[in-house]
Amino acid sequence: MKVSPAQTALSLGVLALGVATAVTTASLSGEGGYAQIGPNFMPAVVAFGLIACGLWLLYEAMSGGWRDHPSDDPAARGDHAFHAPGFLWITAALGAHMALIGTAGFVVAGSVLFAGVARGFGSVRWLRDVAAGALISLAVFFFFVRLLNVNLPAGWLSPVLGGAGI
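Only a predicted model underlies this, so the values are computations on that prediction, with no experimental measurement involved. (Residues numbered from 1 in each chain as written. Predicted model: local features only at pLDDT ≥ 70, side-chain atom pairs only at ≥ 80, totals over all residues. Heavy atoms only, no water.)

Engineer: Please explain the packing of aromatic side chains as it appears in this structure.
Structural biologist: Within a pair of aromatic rings, the relevant descriptors are the distance that separates the centres and the angle that separates the planes. Applying the stated criterion across every chain, the model contains four aromatic pairs. Relative to Phe142, the ring of Phe141 lies with its centre 5.6 Å away and its plane at 80°, an arrangement referred to as edge-to-face. Taking relative accessible area as the criterion, Phe141 reaches 0% and is therefore assigned buried. Taken together, the ring pairs in this structure connect Phe106, Phe141 and Phe142 into an aromatic cluster. (Phe/Tyr/Trp six-rings, centres within 6.5 Å; stacked < 30°, edge-to-face > 60°. Buried < 20%, exposed > 50% of the residue type's maximum accessible area, 1.4 Å probe, protein only.)

Engineer: Got a minute to help me understand the domain arrangement of the chain in this structure?
Structural biologist: The domain boundaries assigned to the chain delineate domain 1 (5-75) and domain 2 (84-161). Here the C-alpha centre of domain 2 lies 35 Å away from the C-alpha centre of domain 1. (Domains from an automatic or database assignment.)

Engineer: What's the story with the packing of helix α5 (residues 106-120) against helix α6 (residues 126-147) in this structure? I'm lost.
Structural biologist: In helix packing, the relevant descriptors are the interaxial angle and the interaxial distance, both defined with respect to the helix axes. Packing of α5 against α6 leaves a shortest axis separation of 7 Å and a crossing angle of 135°. Classified by the angle between their axes, α5 and α6 sit oblique to one another. Here α5 runs over α6; the crossing is right-handed. For the pair formed by α5 and α6, the contact residues are Phe106, Val107, Gly110, Ser111, Phe114, Ala115 and Ala118 on the first element and Asp129, Val130, Ala132, Gly133, Ala134, Ile136, Ser137, Leu138, Val140 and Phe141 on the second. The class makeup of the residues in the contact of α5 with α6 is 12 nonpolar, four polar and one charged. (Axes fitted to C-alpha atoms, helices over the stretch in contact; angles between N-to-C directions. Helix = DSSP H or I, 4+ residues; strand = E, 2+ residues; numbered from the N terminus. Parallel < 35°, antiparallel > 145°, perpendicular 65-115°, else oblique. Left-handed = near helix turned anticlockwise from the far one by under 90°. Contact = heavy atoms within 4.5 Å. Nonpolar A, V, L, I, M, F, W, Y, C, P; charged D, E, K, R; others polar.)

Engineer: Where do I start with a nonpolar patch on the surface in this structure?
Structural biologist: A contiguous nonpolar patch, built from Phe143, Phe144, Leu147, Leu148 and Val150 and spanning about 440 Å² of accessible area, is present on the exposed surface. Locating Phe143 in the fold gives a position in helix α6. Judged by relative accessible area, which is 41%, Phe143 ranks as partly exposed. (Patch = residues over 30% accessible without salt bridge, like charges linked within 9 Å, V, L, I, M, F, W, Y side chains within 5 Å. Areas by Shrake-Rupley, 256 points an atom, 1.4 Å probe, with all protein chains shown as cover. Salt bridge = Lys/Arg side-chain N within 4 Å of Asp/Glu carboxyl O.)

Engineer: What should I look at first to understand the side chain of His97 in this one?
Structural biologist: Among the structural elements, His97 can be located in helix α4 (residues 84-100). Contacts of His97, omitting those with residues within four sequence positions, involve Ala109, Gly110 and Leu113.

Engineer: Can you walk me through the environment of Ala118 in this structure?
Structural biologist: Here Ala118 shows up in helix α5. Separated by 11 residues in the primary sequence, Ala118 and Asp129 place their C-alpha atoms 6.8 Å from one another. Setting aside residues up to four positions removed in sequence, Ala118 forms contacts with Ser123 and Asp129.

Engineer: Sorry, what's going on with the nonpolar core here?
Structural biologist: Grouped burial of nonpolar side chains is what soluble globular proteins tend to show. Counting residues in hydrophobic clusters, the biggest one holds seven residues: Phe106, Val107, Phe141, Val145, Leu152, Ala154 and Leu161. For this core, the secondary structure elements donating two or more residues are α5 and α6. (Core = buried A, V, L, I, M, F, W, Y, C linked by side-chain atoms within 4.5 Å.)

Engineer: Would you explain the packing of helix α1 (residues 5-26) against helix α2 (residues 41-62) in this entry?
Structural biologist: With their axes 8 Å apart at the nearest point, α1 and α2 run at an angle of 160° to one another. Between α1 and α2, the angle is such that the two are roughly antiparallel. Here α1 and α2 pass one another in a crossing that is left-handed. In contact with Gln7, Thr8, Ser11, Leu12, Val14, Leu15, Leu17, Gly18, Val19, Thr21, Ala22 and Thr25 of α1, α2 contributes Pro43, Ala44, Ala47, Leu50, Ile51, Cys53, Gly54, Leu55, Leu57, Leu58, Ala61 and Met62. Of the residues that constitute the contact of α1 with α2, the class distribution is 17 nonpolar, seven polar and no charged.

Engineer: Where do I start with the pattern of salt bridges in this structure?
Structural biologist: Side chains that differ in charge, positive against negative, can pair when their charged atoms come close. One pass over the structure, following the stated rule, counts two salt bridges. One salt bridge in this structure joins Asp79 and Arg77, with 2.9 Å as the shortest N-O distance. Judged by relative accessible area, which is 38%, Arg77 ranks as partly exposed. Note that Arg128 and Asp129 form a salt bridge whose closest N and O atoms lie 3.1 Å from each other. Look at Arg128 and you get partly exposed, because its relative accessible area is 41%.

Here it is, written out as structure tokens:
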């Protein structure tokens, strides 16, 4: 019987994550509120689930490997192979969004993110993508700011957006 080191390592990782979650949960207050369920209830459920999954995965890894494991070859699974340029475009767009949201504002950062993700998926019409991103970001901005009363940074567009946002 062949034991896969990768499957064993991943199983032990899930198990360790469950144990760490359980240890952290044990330090939370157990006092219940209105429904007599304290803030440690859901983390305890998650910890139990992670430990159970980790033990199950470890059992399967040690007893001949994971059952019905899909092929590691993307073509055999019908998937596309890893596309590095797309990954880099999306990663750069996410980094730009995080860098811009505090100064340029939610709408500008969202437009950049949308255009970068669209480029990562193969779009070459950047002007259309920025416009679509701006419309979607603007709609989300007003939904959160006006209807849900959640402040989002208006940034460079604060003169145009008026009192909306921070």
